[in-house]
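What follows is each chain in one-letter form.
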Amino acid sequence: MKKMKGVGLTTAIVIVISVTIIALAGVYPALGQSKATEFKHGKTVWLLMPYTGEFWWNMLVTFLGNAVEADGWKFNFTTAEGSDTTQFDQITTYAQQADILFVDPTSMTGANEAIRIAEENYHCPVVVYKDYITGASRVCAQYNDLEAAQSMAKEAVKWIQDKYGTTEGKTVISLNGDLRLSGWKLRCDGFRWIKENHPEINFVEIVGGLTPEGWADVAEACIAGPGSNAVALLAGSDGPYLLGALDALAKYGKLYYVGDPNHVYVASIDGKPSTLTWLRRGYIDTVYSQTPDSIAVSLWQIAKDHILKDASYQSPPYKIPEIPLPLTVKQPEGCYWGGDDLVMTIEKVPYSKTPMGTTPSPRVDRDNVNTWKLWGNSIVKLIGEDLDPVPTFAAKGTEPAWCSKLISDYNTWLGRK
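Residues numbered from 1 in each chain as written. Predicted model: local features only at pLDDT ≥ 70, side-chain atom pairs only at ≥ 80, totals over all residues. Heavy atoms only, no water.

1. A closer look at the overall build of the protein
Applied cut-off: Per the convention used, a helix needs a DSSP run of H or I reaching at least four residues, while a strand needs a run of E reaching at least two, with both numbered from the N terminus. Only protein chains enter the accessibility calculation, which uses a 1.4 Å probe. A residue is then buried if its area is under 20% of the maximum for its type, exposed if over 50%, and partly exposed in between. Throughout, a residue-residue contact means that at least one pair of heavy atoms, one from each residue, lies within 4.5 Å. Per-residue and other accessible areas were derived by the Shrake-Rupley procedure at a 1.4 Å probe size, with only the shown protein chains allowed to occlude residues.
Within the protein one finds 14 helices and 14 strands. Oriented by its inertia axes, the alpha-carbon framework of the protein measures out at about 105 × 45 × 35 Å. Relative to its 417 residues, the protein shows a buried fraction of 55%. Of the contacts formed within the protein by residues at least 6 apart in sequence, a portion of 74% connects residues at least 24 apart. Accessible area for the protein stands at about 17,900 Å²; split by element, carbon and sulfur atoms hold 52% of it.

2. Quick word on the packing of helix α6 (residues 145-164) against helix α7 (residues 182-191)
Heads up, the rule is: Interaxial angle, 0 to 180 degrees, is taken between N-to-C directions of lines fitted to C-alpha atoms, where a helix line uses only the stretch in contact. Working definition: roughly parallel below 35 degrees, roughly antiparallel above 145 degrees, roughly perpendicular at 65 to 115 degrees, and oblique for all remaining angles. For any pair of crossing helices, the crossing counts as left-handed if the nearer helix is rotated counterclockwise from the farther one by less than a right angle, and right-handed if it is rotated clockwise. Residues are sorted three ways: Asp, Glu, Lys and Arg are charged, Ala, Val, Leu, Ile, Met, Phe, Trp, Tyr, Cys and Pro are nonpolar, and all the rest, Gly among them, are polar.
Packing of α6 against α7 brings their axes to within 7 Å, and their N-to-C directions diverge by 30 degrees. With respect to α7, the element α6 is oriented roughly parallel. As α6 packs across α7, the resulting crossing turns out to be right-handed. Here Asp145, Leu146, Ala149, Gln150, Met152 and Ala153 of α6 lie close against α7, whose contacting residues are Gly183, Leu186, Arg187, Asp189, Gly190 and Phe191. A breakdown of the residues in the contact of α6 with α7 according to their chemical character gives six nonpolar, three polar and three charged.

3. Some words on the sheet that holds strand β4 (residues 126-129)
Short version of the rule: Strand pairing follows a simple DSSP-based rule, namely that at least 2 bridges must link the two strands.
Pairing within the open sheet is mixed, and its eight strands lie in the order β2-β1-β3-β4-β5-β13-β12-β11. Edge positions in the open sheet fall to β2 (74-79) and β11 (327-330), since each of these has one partner strand only. Mean inter-strand twist for the sheet, computed between neighbouring axes without regard to direction, equals 20 degrees. Two elements, strand β3 (residues 100-103) and β4, share three bridges in a ladder whose sense is parallel. When the bridges of β4 are listed, phenylalanine 102 appears paired with valine 127.

4. Some details on the packing of aromatic side chains
The description of an aromatic ring pair uses the distance of the two centres, along with the angle that the planes make with each other. Basically, it comes down to this: The aromatic pairing rule takes the rings of Phe, Tyr and Trp, using the six-membered ring of Trp, and pairs them if the centres are within 6.5 Å, calling planes under 30 degrees apart stacked, those over 60 edge-to-face and the rest tilted. Comment: the charge-over-ring label is applied if NZ (Lys) or CZ (Arg) is within 6 Å of the ring centre and within 35 degrees of the ring normal.
Applying the stated rule across the entire model yields 22 aromatic pairs. Considering the side-chain rings of tryptophan 215 and tyrosine 241, the 4.8 Å spacing of their centres and the 55 degrees angle between planes classify their relative orientation as tilted. In this pair, tryptophan 215 sits in helix α9 (residues 212-224) while tyrosine 241 sits in helix α10 (residues 240-251), placing the two residues 26 residues apart along the sequence. Among the aromatic residues, those joined into a cluster by ring pairs are Phe39, Trp73, Phe102, Tyr129, Trp300 and Tyr313. Over the ring of tyrosine 164 we find lysine 170; its NZ or CZ atom is 4.2 Å from the centre of that ring. The ring of tyrosine 410 has arginine 280 lying over it, and the distance from NZ or CZ to the ring centre is 3.8 Å.

5. Overview of the side chain of aspartate 293
Formally: Positive: Lys, Arg. Negative: Asp, Glu. His and the chain ends are not part of the count. Just to be clear on terms, a salt bridge is a Lys or Arg side-chain nitrogen sitting within 4 Å of an Asp or Glu carboxyl oxygen.
For aspartate 293, the position within the fold is in helix α12 (residues 292-306). Although buried, aspartate 293 forms no salt bridge, and the nearest oppositely charged side chain, lysine 373, lies 9.8 Å from it.

6. So, the confidence of the model for the protein
The predicted coordinates ought not to be read in detail in places where the model reports low pLDDT. Inclusion rule: pLDDT runs from 0 to 100 and stands for how confident the predictor is about each residue.
Looking at the protein as a whole, the pLDDT averages 92, with 91% of positions reaching at least 70. Here residues 1-34 is a poorly scored stretch, pLDDT under 50, and it has 11 contacts once near neighbours within four places are set aside; other chains count.

7. Topic: the packing of helix α13 (residues 375-382) against helix α14 (residues 403-414)
Where α13 meets α14, the axes come as close as 11 Å, and the angle between the chain directions of the two elements is 40 degrees. With respect to α14, the element α13 is oriented oblique. Taken as a pair, α13 and α14 cross one another with a handedness that is right-handed. Seen from α13, the contacting residues are Asn377, Ser378, Val380 and Lys381; seen from α14, they are Tyr410, Trp413 and Leu414.

So this is what it looks like as structure tokens:
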């Protein structure tokens, strides 16, 4: 190397190397600044639930856990048992132990500040899972609760009109869950379409809270009292949550098979295994299937593609990646949300600072209840029924002719004799 005027050989070499690194850093930033390649907490996910102990909530845990662990990440979860305060503490605690948090919030506002702290103070990205918050997080995917409930309400009114020729003075029961959670609140709002558009209908709204036991209590009290002459019942959930209402209908002599002149129209949201069986048996009319499998798989894929590409957000300047908007998400393989051509779009919404996606709401009746990709069917082969054994009822009237074939085909698919 030619000696530089006024500069020693060693110094000249250092200058050349430094200039080369600076120049390359413009093309290859990793040479200019160390880029974190190892996640601080060993690729750890924590899921924080508002409640567990009922099949639907447990499935949110199961489906996300399966997706996370299939990719070699560590999965943990805990529950707040309905407490905003408990969940606040859990978020701020586990944000210091996780590389990413998934949070199904206990309410629409209770987790806002804790999630801000998790992301800004502890540099832990937060994905909101199923029930939305009004504040900011990376992304959320929800079921189309409002659309499903409104569709149920409109169907019930049409059924009443077709059967009785009038809706005047007819009673409809709306059975709801804890209205602090956005999903149940939106379903309640959807059912209120009847109250807003058909004031001639006696619309009886009851709230069962967080647990199936609470739903059973209010359902029996209603069916024995103000809802004793109900011609339709719309339930914001099913499985163990709907069981108490069917028990009460049977107890008070009001459970008739579909097609009977005295049949009380029953529709629900979720599509748990037991409810699909009750549909096959002719106790209930329609189910709007929620899709915990597709919500879990979609959100985990979004997190992998756009947040967890590397661990650089855990080092200065601690910039957590944002989701590119709008983002189109296709139906995940093996899931069913009504058709392969349907999509979910992640986008900005007026009711939340978090980018939101809304899955379709597939309608299930006797014609498609034996679609095996429905999560309420596929889950049975994975872990079994939500109620075991699935209760049957002494329904009045004549069992519809189509029931036996639906039940037989289902048992054949399961490998039962």
